[in-house]
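A closer look at the structure
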Amino acid sequence: FQLAFLIFFVSFIRTPRHLLLATALFLFAVFLTIPGAISHSATAVGKAEQIRAAATAGIEAAENANRLAFICLMGISLIWFALIEYRSKLLRIVGGLAIPPLVLTIFMTGSRSGLLMLIILGPLLLWQSNLRWGQIMGIFLLLALITTVSVTFVPQRVLDRISSFS
């Protein structure tokens, strides 16, 4: 299957517009996956492993919580670079509203590697964006707010899993 996808990609993705459409399709699939994963985590009972967010529909690879966190991180990166590349007000609004659910999903997966990658991804994105200090401080405040809100929605057992490495 991976070879077929590679052949498809090399054969049919020829222009920047094709690549943009493929990226938009990937992001659409990510956002189809997130609601089921969040509702699974919100309604599940049991141990931390059972209540971690995992895909119930959408991207099949995201049935694993760690992979779902990685896919959400890819989504954040793609949206961020779209916000930097295309200076549309509508895109800024949509992108600004799209990143918080991805961060929430990363926390709800209970993925320690996802959280570590999120902590690393933030400074990397800011470093490559060439933003002014005021904009960077505003983004840090927004990220702190998103993180605080995300932590309030994450079940306590999942937070305990994230904060321990045993």
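Residues numbered from 1 in each chain as written. Predicted model: local features only at pLDDT ≥ 70, side-chain atom pairs only at ≥ 80, totals over all residues. Heavy atoms only, no water.

**Some remarks on the overall build of the protein chain**
- Of regular secondary structure, the protein chain possesses 8 helices and 0 strands.
- From first element to last, N terminus to C terminus, the protein chain shows the α and β order α-α-α-α-α-α-α-α.
- With respect to the principal axes defined by its C-alpha atoms, the protein chain has extents near 50 × 45 × 25 Å.
- Looking at the protein chain alone, contacts between residues at least 24 apart form 66% of all its contacts between residues at least 6 apart.
- For the protein chain, the exposed area adds up to about 10,600 Å²; of that, 71% sits on carbon and sulfur atoms.
- Computing the positive centroid from 12 side-chain charges and the negative centroid from 5, the protein chain places the two 10 Å apart. (Helix = DSSP H or I, 4+ residues; strand = E, 2+ residues; numbered from the N terminus. Contact = heavy atoms within 4.5 Å. Areas by Shrake-Rupley, 256 points an atom, 1.4 Å probe, with all protein chains shown as cover. Lys, Arg positive; Asp, Glu negative; His and termini not counted. Charge placed at Lys NZ, Arg CZ, Asp CG, Glu CD.)

**Examining helix H5 (residues 89-109)**
- With 21 residues, H5 extends 31 Å from end C-alpha to end C-alpha; this agrees with the ideal 30 Å at 1.5 Å per step.
- Of the residues that open H5, the one with a side-chain oxygen 3.3 Å from the backbone nitrogen of Leu90 is Ser88.
- Gly110 sits one or two positions beyond H5 and adopts a positive phi of about 70°. (Expected span 1.5 Å × (residues − 1). Polar contact = N/O pair within 3.5 Å; in protein donor to acceptor, adjacent residues only side chain to side chain.)

**Things to note about the confidence of the model for the protein chain**
- Summary statistics for the protein chain give a mean pLDDT of 85 and a share of 98% for residues scoring 70 or more.
- When mean pLDDT is taken per element in the protein chain, helix H4 (residues 65-85) scores highest with 91 and helix H3 (residues 48-51) scores lowest with 70. (pLDDT = per-residue confidence, 0-100.)

**Brief notes about the packing of H5 against helix H7 (residues 133-153)**
- Their axes nearest at 9 Å, the elements H5 and H7 cross at an angle of 45°. What the angle tells us is that H5 and H7 run oblique. Seen from above, H5 lies across H7 with right-handed handedness. Seen from H5, the contacting residues are Pro100, Val103, Leu104, Phe107 and Met108; seen from H7, they are Ile146, Thr147, Ser150, Val151 and Phe153.
- Its residues placed into classes, the contact of H5 with H7 shows 8 nonpolar, 2 polar and no charged. (Axes fitted to C-alpha atoms, helices over the stretch in contact; angles between N-to-C directions. Parallel < 35°, antiparallel > 145°, perpendicular 65-115°, else oblique. Left-handed = near helix turned anticlockwise from the far one by under 90°. Nonpolar A, V, L, I, M, F, W, Y, C, P; charged D, E, K, R; others polar.)

**Notes on the packing of H5 against helix H6 (residues 112-129)**
- Orientation of H5 relative to H6, taken along the N-to-C sense of each, is 145°, at an axis distance of 7 Å. Considering the relative orientation of H5 and H6, their crossing is left-handed. Contacts between H5 and H6 involve Val103, Ile106 and Phe107 on the former and, on the latter, Gly114, Leu115 and Leu118.
- The class makeup of the residues in the contact of H5 with H6 is 5 nonpolar, 1 polar and no charged.

**As for the packing of aromatic side chains**
- Counted by the stated rule, this structure contains 3 aromatic pairs.
- Considering the side-chain rings of Phe5 and Phe9, the 5.9 Å spacing of their centres and the 40° angle between planes classify their relative orientation as tilted. Separated by 4 residues within a single helix, Phe5 and Phe9 lie in helix H1 (residues 2-12), roughly one turn from each other.
- A residue is classified by how much of its surface remains accessible, and Phe5, at 49% relative accessible area, is partly exposed.
- For Phe9, a relative accessible area of 29% gives the class partly exposed.
- Here the aromatic rings of Phe8 and Phe12 are separated by 5.4 Å at their centres, their planes lie at 40°, and the arrangement is tilted. (Phe/Tyr/Trp six-rings, centres within 6.5 Å; stacked < 30°, edge-to-face > 60°. Buried < 20%, exposed > 50% of the residue type's maximum accessible area, 1.4 Å probe, protein only.)

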